[in-house]
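# Structure at a glance
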Amino acid sequence: MAFSSRTVNKFSSGVLRRVGLKSRYQINRGFSIEERWQMLRSCALPGDRNVIDIGCNAGEFTGRFAGQGLFALGLDLVASSIDFARKRNDGTPNLAFGVVALSPANVNLLPAFDITLCLSVAHYWHREYGEEACWKMIASLIARSRAFIFEGASIRQKYGDTPPQIIDNDEASVTTYLAGKLAAAAGGGHALRYLGKFKSLGREEFRYMYVVEKR
């Protein structure tokens, strides 16, 4: 299913209004960029050739992977984020950006990538499509990836009107939920590895990063 530019803009505007998403929030979290990058780059193998960054925002990590010699594709539903990502990564080879609103209807159209980044994205899918559909989307992405790198929100407010049964900012509660859902979405033939935690913004104290890898 393809989305017209009008549909994407309408969808992204609605999300922005409902969740207060900032088109350049990645830069505002600059204190965690280097820490997160070390976690991300540790998952790359010498044979990896490409990476897709879903919800790439300002394109910080997309650009860094391209700088490491991989073909990198950054997708975001916010057109202003993609415009900004293109400008700040101008001249970087093997790098492309596009405006795409992933959904349960079109996620299966994505091709396979060696590395998939799904950073600070899943809770928006949870808000828009519900918990079950969100994790089905993630399962589809895991199946298309050698390494699927994920970070999830730690407070219930981020997930909308029907949040998961987690305790806000409680590490045991949040990591148990995220690890359990990722393991279920991955199924057999994959290994789940915890990469670490990093500081977040506002009421949300930390976020947690995992990688799901094909055995």
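This text gives an overview of the structure that appears in the document. Everything numeric here is computed off the predicted structure, so don't read it as measured data.

Moving on, we get to the overall build of the protein chain. When its secondary structure is counted, the protein chain shows eight helices and seven strands. Burial analysis of the protein chain (215 residues in total) assigns 53% to the buried set. Restricting to contacts in the protein chain with at least 6 residues of sequence separation, those with at least 24 account for 69%. Surface exposure of the protein chain reaches about 9900 Å², of which carbon and sulfur atoms provide 51%.

What follows deals with the sheet that holds strand 2 (residues 71-76). The strand order across the open sheet formed by seven strands is 3-2-1-4-5-7-6, and the pairing between neighbours is mixed. Every interior strand has two partners, whereas the edge strands, strand 3 (95-99) and strand 6 (190-199), have only one. Taking the axes of each pair of neighbouring strands and ignoring which way they run, one obtains an average angle of 15° across the sheet. Looking at chain direction, strand 1 (residues 50-54) and strand 2 are connected through five bridges and run parallel.

Another aspect to go through is empty space enclosed by the protein. The final tally for this structure, using the stated rule, is four cavities of 30 Å³ or more. Estimates place the volume of the second largest cavity at around 50 Å³. Of all the elements in the fold, those that place two or more residues in the lining of the second largest cavity are helix 6 (122-129), helix 7 (131-143) and strand 5 (145-152).

A few words now on the packing of aromatic side chains. All told, the structure shown has six aromatic pairs when counted by the stated rule. Their ring planes at 25° and their centres at 6.3 Å tell us that Phe148 and Phe150 sit as a pair that is stacked. An aromatic cluster is built from Trp135, Phe148, Phe150 and Tyr177, whose rings are joined through pairwise contacts.

Under the criterion given, the structure shown has eleven salt bridges. Between Glu151 and Arg36 there is a salt bridge; the shortest N-O distance is 2.7 Å. Of this pair, Glu151 sits in strand 5 while Arg36 is found in helix 3 (residues 33-41), placing the two residues 115 residues apart along the sequence. Both residues of the pair, Glu151 and Arg36, count as buried. Note that Glu171 and Lys197 form a salt bridge whose closest N and O atoms lie 3.1 Å from each other. Residue Glu171 is located in helix 8 (residues 171-186), and its partner Lys197 is located in strand 6; the two are separated by 26 residues in the primary sequence. Classification of Lys197 as partly exposed rests on a relative accessible area of 31%. The network of salt bridges with shared partners includes Glu34, Glu60, Arg64 and Arg88.

So, about the environment of Ala79. If you trace the backbone, Ala79 turns up in helix 5 (residues 79-88). A sequence separation of 21 residues divides Ala79 from Val100, and the C-alpha atoms of the two residues are 8.8 Å apart.

A separate point is helix 5. For helix 5, the complete set of buried residues consists of Ser81, Ile82, Phe84 and Ala85. The arc that holds the buried residues of helix 5, viewed along the axis, is 165°, so those residues lie on one side.

Reading the values: rules and limits
Residues numbered from 1 in each chain as written. Predicted model: local features only at pLDDT ≥ 70, side-chain atom pairs only at ≥ 80, totals over all residues. Heavy atoms only, no water. Helix = DSSP H or I, 4+ residues; strand = E, 2+ residues; numbered from the N terminus. Buried < 20%, exposed > 50% of the residue type's maximum accessible area, 1.4 Å probe, protein only. Contact = heavy atoms within 4.5 Å. Areas by Shrake-Rupley, 256 points an atom, 1.4 Å probe, with all protein chains shown as cover. Pairing = 2+ DSSP bridges. Axes fitted to C-alpha atoms, helices over the stretch in contact; angles between N-to-C directions. 1 Å grid on protein atoms, 1.4 Å probe; cavity = no way out; pocket = protein on both sides within 12 Å on 5 of 7 lines; lining within 4 Å. Points joined across faces, edges and corners; volume = space filled by probe spheres on them. Phe/Tyr/Trp six-rings, centres within 6.5 Å; stacked < 30°, edge-to-face > 60°. Salt bridge = Lys/Arg side-chain N within 4 Å of Asp/Glu carboxyl O. Arc of directions from axis to C-beta.

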